[in-house]
2 protein chains.
Amino acid sequence: MAPPSAMASDLTPAAVANSIAKSSTEANNVTDQKLAELDPSKLKVTITKSPRQFLADSSKIEWGKADVSTDHWITVKWSEAAGWAAPELKPYGPIDLWPTASCLHYATECFEGMKAYRGFDGSLRIFRPAKNTARMLVSSTRISLPSFSPSALEELIKILLATDGPKWLPEPGCFLYIRPTLIGTGGALGIHRPREAMLFIVLAQFPVLYEKNMKLLASREDSIRAWPGGFGFAKVGANYGPSLIAQKEALARGYDQILWLFDKSCQVTEAGASNFFVVWKNKDTGRVELVTAPLDDKIILDGVTRRSVLELAKDRLTVSNGEIQALDVVERKYTMMDLIDAAKEDRLLEAFAAGTAFFISSVSKVHFRGEDIYPKQANGTYTGLLKGWLKAIMFGEESHEWAVVVPETGFEFDASAADKEINEMVENLRRMKDNPAFAPALQRVQAEV
Amino acid sequence: MAPPSAMASDLTPAAVANSIAKSSTEANNVTDQKLAELDPSKLKVTITKSPRQFLADSSKIEWGKADVSTDHWITVKWSEAAGWAAPELKPYGPIDLWPTASCLHYATECFEGMKAYRGFDGSLRIFRPAKNTARMLVSSTRISLPSFSPSALEELIKILLATDGPKWLPEPGCFLYIRPTLIGTGGALGIHRPREAMLFIVLAQFPVLYEKNMKLLASREDSIRAWPGGFGFAKVGANYGPSLIAQKEALARGYDQILWLFDKSCQVTEAGASNFFVVWKNKDTGRVELVTAPLDDKIILDGVTRRSVLELAKDRLTVSNGEIQALDVVERKYTMMDLIDAAKEDRLLEAFAAGTAFFISSVSKVHFRGEDIYPKQANGTYTGLLKGWLKAIMFGEESHEWAVVVPETGFEFDASAADKEINEMVENLRRMKDNPAFAPALQRVQAEV
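Basis of the calculations
- Residues numbered from 1 in each chain as written.
- Chains lettered and ligands numbered in written order.
- Predicted model: local features only at pLDDT ≥ 70, side-chain atom pairs only at ≥ 80, totals over all residues.
- Heavy atoms only, no water.
- Contact = heavy atoms within 4.5 Å.
- Salt bridge = Lys/Arg side-chain N within 4 Å of Asp/Glu carboxyl O.
- Polar contact = N/O pair within 3.5 Å; in protein donor to acceptor, adjacent residues only side chain to side chain.
- Helix = DSSP H or I, 4+ residues; strand = E, 2+ residues; numbered from the N terminus.
- Domains from an automatic or database assignment.
- Buried area = accessible area lost by both parts, 1.4 Å probe.
- Buried < 20%, exposed > 50% of the residue type's maximum accessible area, 1.4 Å probe, protein only.
- UniProt positions renumbered as here; feature names shortened; annotations may be inferred.
- Pairing = 2+ DSSP bridges.
- Least-squares fit on C-alpha atoms with pLDDT ≥ 70 in both.

Let us now look at the interface of chain A and chain B. Contact with chain A, which involves 88 residues of that partner, is made by 89 residues of chain B. Run the count over chain A and chain B and you get one salt bridge. Linking R195 of chain B and E62 of chain A is a salt bridge whose minimum nitrogen-to-oxygen distance equals 2.7 Å. Taken together, the links from chain A to chain B amount to 29 residue pairs in polar contact (both at pLDDT 80 or more). For the side of chain A that touches chain B, the element with the most residues is helix α9 (residues 415-433) of chain A, which contributes 10 residues.

Following this line, the structure appears as structure tokens:
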């Protein structure tokens, strides 16, 4: 495979950072009255001297395990007193935290999930990034973390991709996972808004996505994911950890994910950490409908894939094109009983889960309190069309404003010289490490940074 | 102030660890079939070579800020494959985590809050520790973290207190805050049960507790702390971060904490991160009642102070002693409307919040949708009695099985020799640090641990 087309040897990451930042970030005049804004133009770049290994066999990837992250990451520290510090692009490594950091105790943390796609034309694209960065600000606000300019975050993501994209996205049709994260740091056990925070962006290789139909287990009455007045709409850590116990039960019983219900009426909400859609014939009108739960109760994540599916369906599926029957696109509350009725009356055509990480997965079965519900088509026509259209946009086969091309630079390093120096340093440190003075001395020196 | 009576120069922390551990932990025969258990007898001890500074002026303490932790902490790593590793007591320092660690993204974290009290007889006591360690196991299970023997955790807490107690609890009547924490570690972005975890215990100085009456702001309808089927009963991070936004509003409006309501019926549940009690005259019977919300919906934290208040009240306040009127102790659902009625009819006698961190705080005012509610007595008689009895037990003025004495050893270090060695090492590291090879080499060496 040829190197990506956008790679140009005269572009350094810092130069690209500067030009990207200047093009979209407002001038940031810090005064005594104003805290520093998140500002990509201040980026400090340190290129790795010990590159990490690209895992060519993606069947061996455990998503996000430390050893499948790329060469670099971006970190930006924030404090209540000073605002945002200069962003740093640097070699991927351990995070610098105190045991009393807010995020370790009070879940003051939020994140985003995005992907970078290597197009069949060689270009690297990201999909509707402004939707993710805007949602990250919503999540950050909900969990009492600092605010920032979403476009500044988008620029930092592009800078990191510009640096690591060429090496880590070598093949057309492949993708990298992008994880922007914001956590409350500093040491403090008092339960209050974090006075220090850290934004970081990591890129990670992702396991192969097998085309597999999902089986869902409906959640039990004593287990709910989110509630009105809570935080189900935000991508905060607090929505995920508590759901693992139900997920474990689903796996143990041979299902892939939980189908989350809400309320005694058994409203259908989400599937695992994805949004959930059904295609059915409306009981009263007989018309085909694409249905998903609405956002107004704020218990549903405003998924970028969810939104894109709805928009594409409205645009391309509401008028019959001869081959397929037109459908109505509906966001409304519906219950397990509605699903059961539709299945019994042969009206439940298709069902699928939609999200960034696992894209669009057809659902072949839902289990609910002793009953098994089967959509008529496991890999349905409508599901297939939506999936195909989205893929074509993501990988640049269809030109569309949702897919944003990221210019790339890659990075250069002198392997032999750098390696030698690091190996010598490793030997030195190994010798020093056994001395009991090493840990306290290192702690003191690290605190000086 | 004389050194604590239990200090004995012939007891080393390791010896105490061993004897405490042997007395209560079962022999741990690891076989191929069995994962290693949490086992205090395997403790590895490294005494600090650069002691931290005790902050004598407790008005300057920001609770849990990195610089008010004590000299040592205990860490224990866990992995799905091997179970619990050997616990380590070592100098307090930064935590070793990867940016993709589960706890930073999915709130796979839980904790406990306890205190160690320096009694007026010089002994160090902890209060009902078995209640905290048992609850920590409940929380850990709810958030899909590993299980452990609560008594083994209790022994580790005692070992840490044995080491740092003498220096950090110098004065009778003072206390230290204890924070056992369990987090999902390892690097992995897939949403699943953490395959690695870390238990740690830190001790921290605590700010002065001023006797101050609290003003509470009742939560708004669109802001709910916990829900049946959720995790309000567990001390998991996910209960705290999401509550900060409401807390911030309370502070901005001149209140101390949120009084959390549930449901359209406005059930009264908790106050801030504490349980909430009222003393009122029953509308029908005219009898005095001590009332708090019940645990059965699992939206209320089963507080150790809550439980102790209920038990003491049942034991000592249900029969008139001449000076005070007897009361009934009641756990039941009650609403804001009940509170308002009681206040209007002059039946609302006292109200208080109860928890480990801020102990028992009298409530002088509750604001609910335009109405201000005032209990008759701000520092009420019953509140004062309960507070006094609990304090007497905690500080050993009353001998009671709830207060567990911890034997102490302290720790010794050769200040001059250790300091010299550390200073030399600091100089070495400072020189090496500017070399770009330092960071990757350090990363490689630290990964070898």
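Moving on, there is more to tell.
Residues and elements named next belong to chain A. Taken domain by domain, chain A consists of domain 1 (4-204) and domain 2 (214-403). The distance between the C-alpha centroids of domain 1 and domain 2 comes to 30 Å. Of the residues lining the interface, 27 residues belong to domain 1; the matching set on domain 2 comes to 27 residues. Buried surface at the junction of domain 1 and domain 2, both sides included, amounts to about 2,300 Å², of which 67% is carbon and sulfur. On the surface where domain 1 and domain 2 come into contact, there are 11 residue pairs in polar contact (both at pLDDT 80 or more).

This part is about the side chain of Q247 of chain A. In this structure, Q247 of chain A sits in helix α5 (residues 244-252). Owing to a relative accessible area of 10%, Q247 of chain A belongs among the buried residues under this scheme. Once residues within four sequence positions are removed from consideration, Q247 of chain A is found in contact with Q257 and I258 of chain A together with I191 and H192 of chain B.

Examined against the element boundaries, W63 of chain B turns out to sit in the loop between β1 (44-45) and β2 (72-79). Apart from residues lying up to four places away in sequence, W63 of chain B is in contact with A188, L189, G190 and I191 of chain A together with V68, Y177, R179, Q205, F206, P207, A357 and F358 of chain B.

Inspection of the entire model under this criterion finds 53 salt bridges over all chains. Ionic pairing is found between K77 of chain B and D96 of chain B, a salt bridge with its closest N-O pair at 3.6 Å. Of this pair, K77 of chain B sits in strand β2 while D96 of chain B is found in strand β5 (residues 95-97), placing the two residues 19 residues apart along the sequence. Look at the salt bridges and you will find they share partners, linking R220, D222, E249 and R253 of chain A into a network.

Residue and element names in this part refer to chain A. The UniProt feature table records "modified residue: N6-(pyridoxal phosphate)lysine" (unreviewed entry) at K235. Residue K235 is classed as buried on the basis of its relative accessible area, which comes to 10%. Look past the residues within four positions of K235 in its chain and what remains in contact with it is C110, F111, E112, G113, R135, S139, Y240 and L301.

Residue and element names in this part refer to chain B. Counting buried positions along strand β9 (residues 175-184) gives nine out of 10 residues, so the element sits mostly inside the fold. Pairing of strand β6 (residues 109-111) with β9 involves three bridges; the strand directions are antiparallel. Note on β9: the bridge partner recorded for C110 is L182. In this sheet, β9 lies alongside strand β7 (residues 114-118) in antiparallel orientation, the contact comprising four bridges. Bridging from a neighbouring strand, Y117 pairs with F175 of β9. In the sheet, β9 pairs with strand β10 (residues 196-204) via eight bridges, with the strands oriented antiparallel. Residue pairing in the sheet places Y177 in a bridge with A204 of β10.

Glancing now at the relation of the copies chain A and chain B. Rotating chain A by 180 degrees about the axis while translating it 0.0 Å along that axis superimposes it on chain B, leaving an RMSD of 0.1 Å. Viewed as a symmetry operation, the transformation between the two copies matches a two-fold axis. Identified as the residue of chain A closest to the rotation axis by C-alpha distance is A238 of chain A, at 2.2 Å. Both copies share a contact surface, since 99% of the interface residues of chain A are interface residues in chain B too.

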